[in-house]
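What the coordinates show
Below, each chain spelled out in residue letters.
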Amino acid sequence: MTTTTDTSIETFDNRVAFAEELIALAEKDERVVAVCNDSVGSSNLGGFRERFPDRLINVGIAEQNMVGVGAGLANAGLVPFVCGAGPFLTGRALEQVKADVAYSQLPVILCGMSPGVAYGELGPTHHSIEDFSWLRALPGLDIVIPADRSQTRTAIRQAAENPRPTYIRVGRFKVPDLAFETTTLERGRFQQLRPGTDVTIVAAGTMVPRALRAADSLESEGTSVRVLNAVYLSPFDAEAIAEAAHETRAIVTVEEANVAGGLGAAVAASVAGGPELVPVEILGFREFAPTGSVNFLLENAGLTAPDIRAAALRALSR
């Protein structure tokens, strides 16, 4: 098992970018409000509470009520950012997300805080690796997965400017900034971070920097690698996958989530229904993640840059 932590690369908690952008939006638009489930600290809403005490609604540990309150606020013309730990927002309140937000098409912005395995040592009850699977099944709900601080700010800003039923994964697990600023996110479109003709790596959120490192390694060995950032999981970018299947010889997907019904499943279904079939390797969690540090959990699940490189070579050999 290979450790991939590089202490020379500065990394950041995307919740900080989220909080800064939310405050900036609230200063310009009095409709912006925040709703949380006794998670002012873990949602990084302390600054928002100090600046706008009357626009933060803390419902306590009552996630189903929290989503319902958010829906009511949206129905009244406000722009609610409903913030809670990923596993409880998407698991405990799934019925309300389905009925009150997606089915009712109310413009609630659901912010899944500390998703994936960011809670580490708190164990399987606090890991949020099923959210993609659950939420992809809900028509009309956008799923946005920012990869760094810039994309987090952009996702929050665009959600406020064009409110619609949306789930945004706001990462706690620290990641490096990508090499460019993201000023806009095109709804329903992946971002191509680098071109390539041999294999395509499709990565989401925290896995994007690891995919880029794997691509660097493969490129140094003579393999041309296309890297797609799946910043929108829903609506899904079937066009980008069709192009990848046509223009490269294999596809690898990597996500900090369960592979059953997540990004990899969406890509595989898209390839299977498209005009050209290519091998698809799917990396992610396949069982309940155990208890341990974030790095241990990701290594244990085979979600490191060397693992991604190996998957690409396997796919190309098929």
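Here is what the cut-offs are and how they apply
Residues numbered from 1 in each chain as written. Predicted model: local features only at pLDDT ≥ 70, side-chain atom pairs only at ≥ 80, totals over all residues. Heavy atoms only, no water. Buried < 20%, exposed > 50% of the residue type's maximum accessible area, 1.4 Å probe, protein only. Helix = DSSP H or I, 4+ residues; strand = E, 2+ residues; numbered from the N terminus. Pairing = 2+ DSSP bridges. Right-handed = clockwise from strand over helix to strand, strands pointing away. Axes fitted to C-alpha atoms, helices over the stretch in contact; angles between N-to-C directions. Contact = heavy atoms within 4.5 Å. Phe/Tyr/Trp six-rings, centres within 6.5 Å; stacked < 30°, edge-to-face > 60°. Parallel < 35°, antiparallel > 145°, perpendicular 65-115°, else oblique. Left-handed = near helix turned anticlockwise from the far one by under 90°. Nonpolar A, V, L, I, M, F, W, Y, C, P; charged D, E, K, R; others polar. Arc of directions from axis to C-beta.

Looking at the pairing of strand β8 (residues 199-203)
Burial of β8 is extensive: five of the five residues sit out of reach of the surface. Side chains V199, I201 and A203 of β8 all project onto a buried face; the interleaved residues T200 and V202 project onto the opposite face, where all are buried too. As paired strands, β8 and strand β9 (residues 225-229) are joined by five bridges and run parallel to one another. The residue bridging T200 from the neighbouring strand is R226, located in β9. Taking the sense of rotation as the criterion, the β-α-β connection linking β8, helix α8 (residues 208-220) and β9 turns out right-handed. Relative to strand β11 (residues 251-258), β8 is paired through four bridges, and the arrangement is parallel. Of the residues in β11, the one forming a bridge with I201 is V252.

Regarding the sheet that holds β11
Across the sheet, which stays open at both edges, the five strands sit in the order β7-β9-β8-β11-β12 with mixed pairing between neighbours. Where the open sheet ends on each side, the last strands, each with one partner, are β7 (191-194) and β12 (280-285). Along the sheet, successive strands turn relative to each other by an average axial angle of 20°, direction set aside. Where helix α9 (residues 238-247) meets the sheet, its contacts fall on β8, β9 and β11, and the angle it forms with β9 comes to roughly 170°. Each of β8, β11 and β12 touches helix α12 (residues 305-317); the most contacted strand, β12, lies at about 150° to it.

Side note on the packing of aromatic side chains
The final tally for this structure, using the stated rule, is two aromatic pairs. Aromatic pair F48 and F52: ring centres 5.2 Å apart, planes at 50°, arrangement tilted. Per residue, the accessibility class of F48 equals that of F52, and both read buried.

A look at the packing of α8 against α12
Pairs of packed helices are described in terms of their axes, by the angle between the two and the distance that separates them. As a packed pair, α8 and α12 sit with axes 8 Å apart at the nearest point and diverge in direction by 55°. Classified by the angle their axes make, α8 and α12 are oblique. At the point where α8 passes α12, the crossing takes the right-handed sense. Two secondary-structure elements touch here, α8 through R210, A211, R213, A214, S217 and L218 and α12 through A305, I308, R309, A312 and L313. Residue composition of the contact of α8 with α12, by class: seven nonpolar, one polar and three charged.

Let's talk about unusual backbone geometry
Residues S234 and P235 are joined by a peptide bond in cis, for which omega reads -5°. Located in the positive-phi region is D38, a residue other than glycine, with phi close to 60°. Here D38 lies in the loop between β1 (32-36) and α2 (46-51). Not every positive phi belongs to a glycine, and Q105 is a case in point at roughly 50°.

A short note on helix α5 (residues 94-103)
Three or more residues of α5 are buried, namely Q96, V97, V101 and A102. Viewed along the axis of α5, the buried residues span an arc of 150°, placing them on a single side of the element. Relative to its buried face, α5 has exposed residues pointing more than 90 degrees away, namely E95, K98 and Y103. Of the surrounding secondary structure, the elements contacted by the buried residues of α5 are α3 (63-75), α4 (86-92), β4 (109-113) and α6 (131-136). The first or second residue beyond α5 is Q105, which carries a positive phi of 50°.

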